[in-house]
Amino acid sequence: MVLARLGSAAAGAVLGVACVATLSSCTTPQAPPASAPASGLWTGRFALTLTLPPSDQTAQQEKVERVQGRFTLSRSLAGHLALDLFSPFGQTLAQARSDPGAATLTTHDGRQLAAADPDTLIEQALGWRLPVSQLPEWLVSRAQPTGDGGWRVRVEDRFADGRPRTLQADWPTDVRGDARRLRLRVIVDGETG
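To keep things clear, this report deals only with the structure shown in the data block. Predicted model, so just to flag it, every value in this text is computed and none were measured. (Residues numbered from 1 in each chain as written. Predicted model: local features only at pLDDT ≥ 70, side-chain atom pairs only at ≥ 80, totals over all residues. Heavy atoms only, no water.)

1. Considering the overall build of the protein chain
- Of the regular secondary structure elements, the protein chain holds three helices and nine strands.
- Burial analysis of the protein chain (193 residues in total) assigns 46% to the buried set.
- Nonlocal contacts in the protein chain, meaning residues at least 24 apart in sequence, comprise 51% of its contacts between residues at least 6 apart.
- Split by element, the accessible area of the protein chain, about 9400 Å² in all, is 52% carbon and sulfur. (Helix = DSSP H or I, 4+ residues; strand = E, 2+ residues; numbered from the N terminus. Buried < 20%, exposed > 50% of the residue type's maximum accessible area, 1.4 Å probe, protein only. Contact = heavy atoms within 4.5 Å. Areas by Shrake-Rupley, 256 points an atom, 1.4 Å probe, with all protein chains shown as cover.)

2. Re the pattern of salt bridges
- For the structure on display, the rule yields 12 salt bridges.
- As a salt-bridge pair, Lys-63 and Glu-65 come within 4.0 Å of each other at their nearest N and O atoms.
- A relative accessible area of 44% places Lys-63 in the partly exposed class.
- With a closest N to O distance of 2.8 Å, Glu-156 and Arg-185 form a salt bridge. With Glu-156 in strand S7 (residues 152-158) and Arg-185 in strand S9 (residues 181-192), this residue pair connects regions lying 29 residues apart in the sequence.
- Here the salt bridges share partners, and the residues they tie into one network are Arg-45, Arg-70 and Asp-189. (Salt bridge = Lys/Arg side-chain N within 4 Å of Asp/Glu carboxyl O.)

3. Some details on unusual backbone geometry
- Cis peptide bonds are those with omega within 30 degrees of zero, and the linkage from Trp-171 to Pro-172 qualifies with -10°.
- Inspection of the secondary structure puts Pro-172 in the loop between strand S8 (164-171) and S9.

4. Description of the nonpolar core
- Ranked by size, the top nonpolar core spans 35 residues in total, and within it Trp-42, Phe-71, Leu-73 and Leu-85 carry the most contacts.
- With five residues, strand S1 (residues 40-52) is the single largest residue contributor to this core. (Core = buried A, V, L, I, M, F, W, Y, C linked by side-chain atoms within 4.5 Å.)

5. Considering the side chain of Thr-51
- Residue placement: Thr-51 occurs in strand S1.
- Not counting residues up to four positions away in its chain, the partners in contact with Thr-51 are Glu-62, Lys-63, Val-64, Ala-179, Arg-180 and Arg-181.

Dropping the structure here:
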């Protein structure tokens, strides 16, 4: 399993990344003014699929590993970002916090990682960047989100007011058979803003 191989700090980062790309809701959200900064509280589910190339010449098949769970993502008008990841059964897996100029990740066993921003924090933990800092904007946007850093983002479902309910993000956009690939799906189950 990828979580065991990555270690608990990186596993928490993987889960944190998974819950930041797509989200969905069962209530009718109130739309903020178009000029308002992305702020609010989102809850939902995430699924992360990691596809690894064969590890050596004797292994001929790719290895596919999946992680899923629940999340809570909040962002204040001041730019404070908080992401909590939970197992499907409700146990806390990781907590990520970010303020302008600093980001921390705490895993379920108390380990901590720190970086200047959440995207760098994920890269430090996993070896590749995830667009964590862009998630709040994607979740309030009525336009199609654009990918960044080799990510392709697609809205699969929208709320009645046009905001994304379900997002899918794939990395890299240029898929090669010998490269690792990551797919993140986020479904928003509730939001306030």
